[in-house]
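An overview of the molecular structure
Here's the letter readout for the chains.
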Amino acid sequence: MNLELKDISMRVGAETHLYPLDVKLVPGTINVLLGPTQAGKTTLMRVMAGLDRPTAGRIFADGKDVTGVSVRERNLAMVYQQFVNYPAMTVYDNIAAPLRLQRRPDAEVKQRVTQMAEKLHISHLLQRLPGALSGGQQQRCALARALVKKAPLVLLDEPLVNLDYKLREELRAELASLFADGNTTVVYATTEPQEALLLGGHTVVMDAGRILQTGPTLETYGKPASVRAAAIFNDPPMNVLDARVEDSHSIRLDGGPALTVAGNPLGLAKGKPCKVGIRCHHVALAGIDGWPNRMDCTVDLSELSGSETYVHLHLGAPGAHGGTGPGLVAQVPGVHAAAIDSVVQAAVDPAHIFIFDAEGALLRAPQENGHGAY
């Protein structure tokens, strides 16, 4: 399905939930709505579905104006983060319900329910009631009921957020394979950058009711249009440090050293203010021979997270806790114990440095340096 929203806005009383925006979904693929809580993702999806009518703007489905058309008259399916199943009906009957409403023949209903249950690995649960299922199994049942319709538009509003990590990984991979045939346009809302990257397709970055950036997912990740878009599409958030241009190939951090930037000359006047963006996993600690961008730092906190360690630093010598120099976070593989107020040396490959202007708009991304590294 081709779905296009033109100059859509949404106000509820004195509150603006969506500021005027345009969205054109890429048909036959996964369109990810990425943004923090209260970014406007659910509101936008409800407008797409016809559950809410926008305050202003028009909605077109396959070229037809469907603004104000009820969800009952739309050919779509939607799954919320709080899954809903009919408690008095078996899993089989839950999945079959939309097909029976369409008055499909019993043989077709059985075939499609069985096939969908197999794809979502719940074939052995078809005769159980939802109350006898785990949370993950209930979510699979809700997903199967939505997907069995084979609707040309499927809206998934953070459908995996309440599941444990392992199950989320399994279902995420299954969803990608279910829509691989290109017959369905999917909208998938999430707060997690990693989920957007795993799903691929196209991403719409949202914040506070506005669209910050749209494009192919990898391209959007590799070239965040602004500091705010970069913050949303990085977990942990990208390090952003104030700086000034030193010369055609280097910038100097405010309160810190000069950093070499790879690639063509910056083309900015000396002394011009700018912002430096460095992803946390591109900040290395010690032992990086040959890297020119070394910085003496003091450890503020060493935080373990699974098989990684987040080391919170500030530039410069030890002082009061939290330090006075610019802050920096290094995402280091493995488990490391770094004592608070200990001095370490951080390094950043010149090929991994983003440059933003003083207002936060992107000037240069790493791939423009010819290294192709994000």
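In this text, all values refer to a predicted model and were calculated from it rather than measured experimentally.

Topic: unusual backbone geometry
Residue Asp-235 is joined to Pro-236 through a cis peptide bond whose omega torsion reads 5°. Examined against the element boundaries, Pro-236 turns out to sit in the loop between helix 8 (227-232) and strand 11 (239-247). Look at Arg-103: it is not a glycine, yet its phi comes out positive at around 60°. Position of Arg-103 among the secondary structure elements: in the loop between helix 2 (91-101) and helix 3 (106-119). Assessed through its relative accessible area of 77%, Arg-103 is described here as exposed. One non-glycine residue, Glu-158, lies in the positive phi region at around 45°. For Glu-158, the location among the structural elements is in the loop between strand 7 (153-157) and helix 5 (165-178). Judged by its relative accessible area of 13%, Glu-158 falls in the buried class.

Some points on the domain arrangement of the chain
When the parts come together, some accessible area is lost, and that loss is often what is quoted as the size of the interface. When the domains of the chain are assigned, the result is domain 1 (3-233) and domain 2 (239-364). Counting residues at the interface gives eight residues for domain 1, matched by nine residues for domain 2. Approximately 610 Å² of surface area, both sides summed, lies buried where domain 1 meets domain 2, with 62% of it carried by carbon and sulfur atoms. The largest share of the area that domain 1 buries against domain 2 comes from Tyr-221, Pro-224 and Val-227, three residues that together contribute 67% of it. Seen at the junction of domain 1 and domain 2, the total is zero salt bridges. Across the contact surface, domain 1 and domain 2 share three residue pairs in polar contact (both at pLDDT 80 or more). Among the residues making up the side of domain 1 that touches domain 2, the classes are represented as five nonpolar, two polar and one charged.

Remarks on the sheet that holds strand 14 (residues 273-278)
Spatial ordering of the open sheet is given by 13-12-11-14-20-21, a layout of six strands whose pairing is antiparallel. The open sheet is flanked by strand 13 (258-260) and strand 21 (362-364), the only strands paired with a single partner. Pairs of neighbouring strands in the sheet enclose a mean axial angle of 45°, with direction left out of account. In this sheet, strand 21 lies alongside strand 20 (residues 354-357) in antiparallel orientation, the contact comprising two bridges. Bridge pairing in strand 21 links Ile-355 to Arg-364.

Topic: the sheet that holds strand 9 (residues 202-207)
In spatial order, the strands read 6-7-8-3-9-10; together these six strands make up an open sheet with mixed pairing. The sheet terminates laterally at strand 6 (76-79) and strand 10 (210-216), the two strands that pair on one side only. Strand-to-strand twist in this sheet, taken as the mean axis angle between neighbours without regard to direction, amounts to 15°. Looking at chain direction, strand 9 and strand 10 are connected through six bridges and run antiparallel. Note on strand 10: the bridge partner recorded for Asp-207 is Arg-210.

A closer look at the pattern of salt bridges
For the coordinates displayed, the defined rule picks out 10 salt bridges. With a shortest N-O distance of 2.7 Å, Asp-52 and Arg-46 are connected by a salt bridge. Look at Asp-52 and you get partly exposed, because its relative accessible area is 23%. For Arg-46, a relative accessible area of 27% corresponds to the partly exposed category.

Calculation criteria
Residues numbered from 1 in each chain as written. Predicted model: local features only at pLDDT ≥ 70, side-chain atom pairs only at ≥ 80, totals over all residues. Heavy atoms only, no water. Helix = DSSP H or I, 4+ residues; strand = E, 2+ residues; numbered from the N terminus. Buried < 20%, exposed > 50% of the residue type's maximum accessible area, 1.4 Å probe, protein only. Domains from an automatic or database assignment. Contact = heavy atoms within 4.5 Å. Buried area = accessible area lost by both parts, 1.4 Å probe. Salt bridge = Lys/Arg side-chain N within 4 Å of Asp/Glu carboxyl O. Polar contact = N/O pair within 3.5 Å; in protein donor to acceptor, adjacent residues only side chain to side chain. Nonpolar A, V, L, I, M, F, W, Y, C, P; charged D, E, K, R; others polar. Pairing = 2+ DSSP bridges. Axes fitted to C-alpha atoms, helices over the stretch in contact; angles between N-to-C directions.

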